[in-house]
Amino acid sequence: MGNITEINDIKAYLKEHENKQLLRFITCGSVDDGKSTLIGRLLHDSKVIFEDQLASIKKDSKKSNTTENEFDLSLLVDGLQSEREQGITIDVAYRYFSTPKRKFIIADTPGHEQYTRNMATGASTANLAIILIDARYGVQTQTRRHTFINKLLGIKEFVIAINKMDLVGFDQEIFNQIKDDYLNFAKELEVDANITIIPLSALNGDNIVNRSYKSPWYKGLTLMEHLESVNIENSDDFTQFSFPVQYVNRPNLDFRGFCGTIASGDVQVGDKIKVLPSNKISTIKTILTSQGAENSAFVNQAITLTLNDEIDISRGDLIVKEKSNISCASGFDVDIVWLNEENLKLNRQYIIKRATTTTLGSFSKIVYKTDVNSLEKSSSEVLNLNEIAKVKLELEQDIAFTKYNDNKTLGSFIVIDKISNNTVGAGMIRDSFENKKEVEDKKRVYTAFEIELNALIRKHYPEWESKEIF
């Protein structure tokens, strides 16, 4: 009986854990603002660090001579040897932990300007951004840049963690000044997010998990209380079914399935669908999941679809409902963050990868780039490392798309250099336009039509032979 009870308890625990809401959040800010230490403190004070992990960190702290304290909490996430030697974060470090109220995935991202690409990668899947500010220095260039990138990436919850308050004596006036400076910048930037500002000390644990007696003037939630209670329900109004085809599964002549992950909406067996950009129509025959055949599937599920008709579908195509208004285009107005030391070259071909679609494209015009300090917009022919701009992108083929604010999966893309195969930029689709290629193609079609009609008229009406019809 004891074993049965234990098994039932384990099953109940796993079921309860499975149903907890998941919050993905990112930490960002300038170098030495204390991002890794903050996460280490969060994990330590939440009591989710194992004894052997703690012993290892204490040993590494002495070896690396990183701190005068008993151990350096930042080593929990700064795992690369070069990170420990330099005392900075280089790569994105992901950590998972859970509390009785919620599950969390943390992305600890670099503060150094050189690694802005890694910060953008971490932010691309986050629900919430923690932007650290060193209380001694206030709002810095990286604070502004990371705020701008988080805004572009559509994050709706910002926590401004004013760290190292212990080094300024938890002075309320300093806190209020930094708070005002940041809120004024966010207003100028038109940040469309909920902003919560917390005074804390990651090193000593003030206002991280436990409320600090050193800041009696602060009446808000601790960082952990906020993370456990913040509303992260998906606020996107975009509910149309969209399914980027990742792989065509053809193990034998009797089976042809289309594999991928649902980007939005839901689907049921029998639903009428169309394939973009070809506009071919069919109906859903079966929906296969890791648990077997199902009658329906929902957003973020990885599934295989089979159809009732043999139609041409390839990797990169998009399956939507028959009545869907998702459109196709090859010209786009986009926001782009340039992530390469070699600057963006206009009219040069790059590989553009959007969801499962890969095609060639070029940037025909930099509409303007934005100075992250002054927020001034200026025209330019060049886009350098870490600069942010609105540009015009022209692809070699039509793709099905949505605006980024409607759906991140279908509205975002990366730019890959054809020669080095390095990722050199990340972009968000804001709108579409008729590109030069589309206009020229239409002209060619019209000219061909004119020629054919001219020939047909002259064939049946010889008296028109010498006349110009058009």
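Our structure's up above, just so we're on the same page.
The structure contained in this document is the topic of the report that follows. These figures come from a predicted structure and were not determined experimentally.

1. Digging into unusual backbone geometry
- For the peptide bond that leads from Leu276 to Pro277, omega is 10°, which places it in the cis range.
- Topologically, Pro277 is positioned in the loop between strand 11 (272-276) and strand 12 (280-289).
- The phi torsion at Glu190 lies on the positive side, around 60°, for a residue other than glycine.
- With respect to the helices, strands and loops of the structure, Glu190 is situated in the loop between helix 7 (172-189) and strand 6 (194-199).
- The exposure class of Glu190 is exposed, given its relative accessible area of 61%.
- The backbone of Asn386 sits at a positive phi, close to 70°, despite the residue not being glycine.

2. What to know about the nonpolar core
- In this structure, Ile155, Phe158, Ile160, Ile162, Met165, Tyr182 and Ile388 are the most contacted members of the largest nonpolar core, which totals 38 residues.
- With six residues, the single largest contributor to this core is helix 7.
- Other than its neighbours up to four places away in sequence, Tyr182 contacts Ile131, Ile133, Val139, Thr143, Thr147, Phe158, Ile160 and Ile195.
- Within the second largest apolar cluster, 25 residues are counted, among which are Leu128, Ile198, Met224 and Leu227.

3. Notes on the environment of Lys369
- Relative to the helices and strands, Lys369 resides in strand 19 (residues 357-370).
- Of the residues examined, Lys369 reaches a relative accessible area of 15% and is grouped as buried.
- Separated by 13 residues in the primary sequence, Lys369 and Val382 have C-alpha atoms spaced 9.3 Å apart.
- Excluding anything up to four places from it in sequence, Lys369 contacts Glu376, Lys377, Ser378, Ser380, Val382, Leu383, Asn384, Glu387, Ile388 and Ala389.
- Here the side chain of Lys369 touches Glu387 through a polar contact of 3.1 Å, side chain to side chain.

About the criteria used
Residues numbered from 1 in each chain as written. Predicted model: local features only at pLDDT ≥ 70, side-chain atom pairs only at ≥ 80, totals over all residues. Heavy atoms only, no water. Helix = DSSP H or I, 4+ residues; strand = E, 2+ residues; numbered from the N terminus. Buried < 20%, exposed > 50% of the residue type's maximum accessible area, 1.4 Å probe, protein only. Core = buried A, V, L, I, M, F, W, Y, C linked by side-chain atoms within 4.5 Å. Contact = heavy atoms within 4.5 Å. Polar contact = N/O pair within 3.5 Å; in protein donor to acceptor, adjacent residues only side chain to side chain.

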